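# Structural description and commentary
Residue-level listing of the chains:
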Amino acid sequence: MDEFEKRLKRDADAILAEASPELRARIHASLQSTSQVRPAGKKAETAPANLWWASSLTGLAAAIMVIVLINWNRADSVPVPAETIADVTVPADPDPLLTAPMLDIRTADFTSPLEDELVKLQSDIEKARESVKKDLDFTF
Amino acid sequence: MFTDEQLVEASLDGSAGAFDEIVGRYQERLLRFLLTRSSSRADAEDAVQDTFINAYRYLASYDSRWRFSTWIYRIAIRNAARQRRPEWHDSDVELVDDSDPLKECMAHSERENVWLAAKRLLSNDSYDAMWLRYVEDLSVKEISSALEKSASWTKVTLLRGRRKLSTELAGTTTAAEQRQSYGRI
């Protein structure tokens, strides 16, 4: 404690604050007519320990009731259409299959014109080669 | 010697004398503090009475994790704040310095009481914090609880209050020394 703190303490003690007998009597009389306020209902809020099963059973029963009610209401409110199952698995009338048009199936021939062209070109080349050969023979 | 907290327990258990013991311990401390905060001695005594009534009535809500002094000072500060302000604030009548209960209660001394200077220089909250720290020896945490402020606010306020008062006291001392030296000359 430094000098400043000592002075603060000393000066506080220098304040004369003796409680008068009248003040003491007033306080005493006031306290006599005052009752303490106790926080109410704290124990009532918590269930006794030996009744834990009661709350568990109540909760279980409530859950079952909720499930039953939900399912009950759903059955009433959403009607499910009855399923229809066919008795026969083949068409009753075979005529559409029999009267179906018969298709004339041919393979498409896209290559023959090119092959003809190739033969013509090869014969042209052969003719040209023979012509060149004749010319060479004449030259030498 | 029972502690305050033990006396509270006893009072809650129905002991009539336990709270009387608390009153005996705190009435002068609270009166001294409230004299410095009220506008008259009568107001300070009313505030002391109200503080004990409130404390007794709501004793069950006292949290024993805190010191009892923290709790009862919080009640006292609230009562002091609720009190009517001096009439001179509402009218043109000037407050005469001599009517200050703090001045009336000062032991006669040649120098100014530092709490008079504190009352003049500091705000109410700052004054309360300084009083609780240096007179009641409460910790920063307890003061912040009593004043319902944060711990950082309390630290800063204490530091500023101390600095302001130290500066004022240093100035006063220098002036007094100067007067003495002039007298010698």
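Just so we're clear, the structure is a prediction, and the values are computed from it rather than from any experiment.

A separate point is the interface of chain A and chain B. Accessible area lost upon the coming together of the parts is a frequently used measure of interface size. The partner chain B presents 41 residues to the 30 residues of chain A that form the contact. The largest per-residue losses of area from chain A upon contact with chain B belong to Phe4, Ile15 and Gln36 of chain A, which jointly make up 19% of the total buried on that side. Our enumeration of links across chain A and chain B arrives at six salt bridges. Here Glu45 of chain B makes a salt bridge to Arg26 of chain A, at a shortest N to O gap of 3.8 Å. At the boundary of chain A with chain B, the tally comes to 14 residue pairs in polar contact (both at pLDDT 80 or more). Looking at the side of chain A that touches chain B, the elements with two or more residues in it are helix 1 (3-13) and helix 2 (21-32) of chain A. Broken down by element, the side of chain A that touches chain B gets its largest block of residues, nine residues, from helix 1 of chain A. Looking at the side of chain A that touches chain B, its residues break down into 13 nonpolar, six polar and eleven charged.

A word on the nonpolar core. Residues and elements named next belong to chain B. Within the largest apolar cluster, 57 residues are counted, with the highest numbers of intra-cluster contacts made by Phe19, Phe52, Phe68, Trp115, Met130, Trp131 and Leu165. If one sorts the elements of this core by residue count, helix 2 (residues 16-35) sits on top with ten residues. Residues in contact with Phe68, not counting those within four places in the same chain, are Asp4, Glu5, Val8, Ile22, Tyr26, Leu59 and Tyr62.

Looking now at the confidence of the model for chain B. All names here are of chain B. For chain B, mean pLDDT is 81; residues scoring 70 or higher make up 77% of the total. Of all the helices and strands in chain B, helix 5 (residues 101-105) carries the lowest mean pLDDT, 64, while helix 7 (residues 124-134) carries the highest, 92. Contacts for the low-pLDDT stretch residues 87-97, under 50 throughout, to residues beyond four places or in other chains number four contacts. Low pLDDT (under 50) marks residues 181-185, which in the prediction has zero contacts with non-local residues, meaning those over four places away or in another chain.

What follows is about a nonpolar patch on the surface. A grouping of Leu57, Leu60, Ile64 and Val68 of chain A is seen on the molecular surface, where their side chains present a nonpolar patch of about 380 Å² in accessible area. Relative to the elements of secondary structure, Ile64 of chain A occurs in helix 4 (residues 52-77).

The next thing to look at is the pattern of salt bridges. This structure, assessed with the given rule, holds 19 salt bridges over all chains. Arg24 of chain A is the salt-bridge partner of Glu28 of chain B, the closest N and O atoms lying 3.9 Å from each other. With one member in each of two chains, Glu28 of chain B in helix 2 and Arg24 of chain A in helix 2 form a pair that bridges those chains. When the shortest N-O distance is used, the salt bridge between Arg25 of chain B and Asp4 of chain B registers 2.7 Å. Note that Arg25 of chain B is positioned in helix 2 and Asp4 of chain B in helix 1 (residues 4-12), a separation of 21 residues in sequence. By the burial criterion, Arg25 of chain B is buried, and Asp4 of chain B matches it. Salt bridges sharing partners connect three or more residues here, namely Arg26 of chain A together with Arg41, Glu45 and Asp46 of chain B.

Excluding glycine, residues mostly have negative phi values, and the peptide bonds linking residues are mostly trans. Residues and elements named next belong to chain B. Of note in the backbone geometry, Asp137 takes a positive phi value of approximately 60° without being a glycine. Relative to the assigned elements, Asp137 resides in the loop between helix 7 and helix 8 (140-147). The class of Asp137 is partly exposed, set by a relative accessible area of 40%.

This paragraph deals with helix 2 of chain B. Taking 1.5 Å of rise per residue, the 20 residues of helix 2 of chain B would be expected to cover 28 Å, and the 28 Å separating its terminal C-alpha atoms lies within 8% of that figure. Backbone nitrogen of Ala18 of chain B and a side-chain oxygen of the N-cap are separated by 3.4 Å at the start of helix 2 of chain B; the cap is Ser15 of chain B.

Turning to the packing of helix 3 (residues 41-57) of chain B against helix 4 (residues 68-82) of chain B, a few remarks are in order. Residue and element names in this part refer to chain B. Taken N-terminus to C-terminus, the directions of helix 3 and helix 4 make an angle of 130°; their axes are 9 Å apart at the nearest point. Between helix 3 and helix 4, the angle falls in the class oblique. Crossing of helix 3 over helix 4 shows right-handed handedness. Judged by residue contacts, Ala47, Asp50, Thr51, Phe52, Asn54 and Ala55 of helix 3 engage Trp71, Ile72, Ile75, Ala76, Asn79 and Arg82 from helix 4.

Parameters at a glance
- Residues numbered from 1 in each chain as written.
- Chains lettered and ligands numbered in written order.
- Predicted model: local features only at pLDDT ≥ 70, side-chain atom pairs only at ≥ 80, totals over all residues.
- Heavy atoms only, no water.
- Contact = heavy atoms within 4.5 Å.
- Buried area = accessible area lost by both parts, 1.4 Å probe.
- Salt bridge = Lys/Arg side-chain N within 4 Å of Asp/Glu carboxyl O.
- Polar contact = N/O pair within 3.5 Å; in protein donor to acceptor, adjacent residues only side chain to side chain.
- Helix = DSSP H or I, 4+ residues; strand = E, 2+ residues; numbered from the N terminus.
- Nonpolar A, V, L, I, M, F, W, Y, C, P; charged D, E, K, R; others polar.
- Core = buried A, V, L, I, M, F, W, Y, C linked by side-chain atoms within 4.5 Å.
- Buried < 20%, exposed > 50% of the residue type's maximum accessible area, 1.4 Å probe, protein only.
- pLDDT = per-residue confidence, 0-100.
- Patch = residues over 30% accessible without salt bridge, like charges linked within 9 Å, V, L, I, M, F, W, Y side chains within 5 Å.
- Areas by Shrake-Rupley, 256 points an atom, 1.4 Å probe, with all protein chains shown as cover.
- Expected span 1.5 Å × (residues − 1).
- Axes fitted to C-alpha atoms, helices over the stretch in contact; angles between N-to-C directions.
- Parallel < 35°, antiparallel > 145°, perpendicular 65-115°, else oblique.
- Left-handed = near helix turned anticlockwise from the far one by under 90°.

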